[in-house]
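# Fold and geometry: a report
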Amino acid sequence: MKIVGLGKRLALVLSPLLLAQTGAVKADTAEQLAACKIELKALYGEETRVKMYGTKAYRGVETLKLKVTPKGQASVTLQCSGAIESDGSVVLKDKNGEMLIS
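Before going into details, it helps to say that this report is about the structure given with it. Please read all numbers here as calculations on a predicted model, not as lab measurements.

Bringing the side chain of T48 into the picture now. Within the secondary structure layout, T48 lies in the loop between α1 (6-44) and β1 (49-58). Owing to a relative accessible area of 4%, T48 belongs among the buried residues under this scheme. In terms of polar contacts, T48 uses its side chain to reach the backbone carbonyl oxygen of G45, at 2.8 Å. Sequence-distant contacts of T48, that is, excluding residues within four places in its chain, are made with K41, V68, T69 and P70.

Further remarks concern the side chain of S81. Position of S81 relative to the elements: it lies in strand β3 (residues 76-83). Judged by relative accessible area, which is 8%, S81 ranks as buried. At a separation of 3.1 Å, a polar atom in the side chain of S81 contacts the side chain of T63. Apart from residues lying up to four places away in sequence, S81 is in contact with Q32, V61, E62, T63, S89, V90, V91 and K93.

What counts and what doesn't
- Residues numbered from 1 in each chain as written.
- Predicted model: local features only at pLDDT ≥ 70, side-chain atom pairs only at ≥ 80, totals over all residues.
- Heavy atoms only, no water.
- Helix = DSSP H or I, 4+ residues; strand = E, 2+ residues; numbered from the N terminus.
- Buried < 20%, exposed > 50% of the residue type's maximum accessible area, 1.4 Å probe, protein only.
- Polar contact = N/O pair within 3.5 Å; in protein donor to acceptor, adjacent residues only side chain to side chain.
- Contact = heavy atoms within 4.5 Å.

In structure tokens, the structure reads:
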């Protein structure tokens, strides 16, 4: 019988838990992106294209970095922030951090 170290056993036990938490974070990000798209399409029009190119989480607030292209206009870089465990409300900011809409 081969003896497996405590670290390896602990990793085998905890890996499913870590994977489950990663899936929950991705689901939260997808929900926040959907809420951001709704706000942006209300602001710029239904033909607006939105592309996410980064995320950042700090102290319970997740910020999505977005490239927004309204129809017939140049693209704009925006941030969409919301609390990780919130009711789905988001805050839109320009790339300098100035609030557009909440």
